[in-house]
Amino acid sequence: MQPATDLARRLAAQAEAVCRHYLSNGHREGRYWLVGDARNTPGRSMFVRLKGGDSGKGAAGKWTDAATGEHGDLLDVIRESYGLINFKDVADEARAFLSMLPPEQEPRFQERRRPIPSGSPEAARRLIGMSQPITGTIVQAYLRERGITDLRGTGNLRFHPRCYYRPDEHAPTETWPAMIAAVTDLDGKITGAHRTWLDPLSRDKAPIDTPRRAMGDLLGNAVRFGIGGEVTAAGEGIETVLSLRQVLPDMPMLAALSAAHLAAILFPDTLRRLYIARDNDPAGDGARDSLIERANAVGIEAIVISPALGDFNEDLRTLGMEHLRQQSRMQIAPQDVARFMALAA
């Protein structure tokens, strides 16, 4: 018998104990353990069979997530709940739970389902699929703390209550609530995800080394707000773009997530005028110059909008909504003032 199969069988013999330990946010109902997902999120969409045969579809320890279609065994639960990547780590954790001695040599683990590479577009789509709307969550509170209250057209922002964070490959995995942003291509296909880990106490970014990270295929793509057309605004950060959108709520916008990616965004065929919402720093200057050159080369009018301070969120928080509205009014084309600008309350 293969070691992975043997480990899974031994775990299945103690299925309820495994669930109570690794899926502690769930509960037992009859012959099943119910929980939100294999990452121990509260909920009921995933069910683990606690009793059953040694193999086959109805075997003990088998689980299915009705929300995502994912399925697996208790080794997968250990991997997902602890955010482990290598099978050696999964096996070591399983043996520790089972009080088994480690073998002298670790054989290769053959997964029953195709593994999803960490950081891939597939992993990004899976993360987004596991997330939920931001209404009433810490994501909404975090944005409000930054003066961002009008969240129309922000369906590409999601909330994950226990998003994995690992400082490096040698550090233990932590979980923090996170704002998840879907990165999409020009056709709307999800190619990546951006994570902003949050501190539920301060409603600020989590106190970790890198509270923002992106995954997947980012180059040329972006986090999009609103449906693009002849006019679009593009900036670096999510909060920066959403700040400008507080006074231009009907203008389609996108966040490229960095200055380098802003310079490389792809232009839809319908685009005729591009507003470049630059950050006030050397990287922002470089992105601005590159983007102007690329846009002009294909006949797109490029207009730069500049903040008074470091970026538009700093303007919004420090100088206020009315200042941001007036500064934006002076920098955009007159026809777009009437078309996109929100009237003062």
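For clarity, every value in this text was computed on a predicted model and none was experimentally measured.

## Some details on the sheet that holds strand β13 (residues 253-255)
In space, the five strands of this open sheet follow the order β11-β13-β12-β14-β15, with mixed pairing throughout. Strands at the two margins of the open sheet, each flanked by one partner only, are β11 (223-225) and β15 (301-305). Here the strands of the sheet are splayed against their neighbours by 25 degrees on average, with no regard to which way each runs. Two strands pair when backbone bridges link them, and β11 and β13 are joined in this way by three bridges, in the antiparallel orientation. Considered in β13, the bridge of Arg-224 is made with Leu-254. Together, β11, β12 (231-235), β13, β14 (273-277) and β15 form the strand contacts of helix α7 (residues 238-245), whose direction differs from that of β13 by roughly 160 degrees. Across the face of the sheet, helix α9 (residues 282-297) comes into contact with β14 and β15 while running at roughly 160 degrees to β15.

## A closer look at the packing of aromatic side chains
Scanning all chains against the criterion turns up three aromatic pairs. Ring geometry for Tyr-22 against Phe-97: centres 5.6 Å apart, planes inclined by 50 degrees, an arrangement best described as tilted. Of this pair, Tyr-22 sits in helix α2 (residues 15-22) while Phe-97 sits in helix α4 (residues 87-98), and the two are 75 residues apart along the sequence. A relative accessible area of 21% means that Phe-97 is categorised as partly exposed.

## Topic: the environment of Gly-226
By the secondary structure assignment, Gly-226 is in the loop between β11 and β12. Excluding its chain neighbours within four sequence positions, the residues that come into contact with Gly-226 are Gly-153, Arg-245 and Pro-252.

## Looking at helix α3 (residues 74-82)
By the criterion of burial, α3 is predominantly enclosed, with eight of the nine residues buried. Taken as a whole, α3 has its buried residues at Leu-74, Leu-75, Asp-76, Val-77, Ile-78, Arg-79, Glu-80 and Ser-81. Taking the backbone nitrogen of Leu-75 as reference, a side-chain oxygen 3.0 Å away marks Asp-73 as the first, capping residue of α3.

Thresholds applied
Residues numbered from 1 in each chain as written. Predicted model: local features only at pLDDT ≥ 70, side-chain atom pairs only at ≥ 80, totals over all residues. Heavy atoms only, no water. Pairing = 2+ DSSP bridges. Helix = DSSP H or I, 4+ residues; strand = E, 2+ residues; numbered from the N terminus. Axes fitted to C-alpha atoms, helices over the stretch in contact; angles between N-to-C directions. Contact = heavy atoms within 4.5 Å. Phe/Tyr/Trp six-rings, centres within 6.5 Å; stacked < 30°, edge-to-face > 60°. Buried < 20%, exposed > 50% of the residue type's maximum accessible area, 1.4 Å probe, protein only. Polar contact = N/O pair within 3.5 Å; in protein donor to acceptor, adjacent residues only side chain to side chain.

Nothing here speaks to function; it is geometry throughout.
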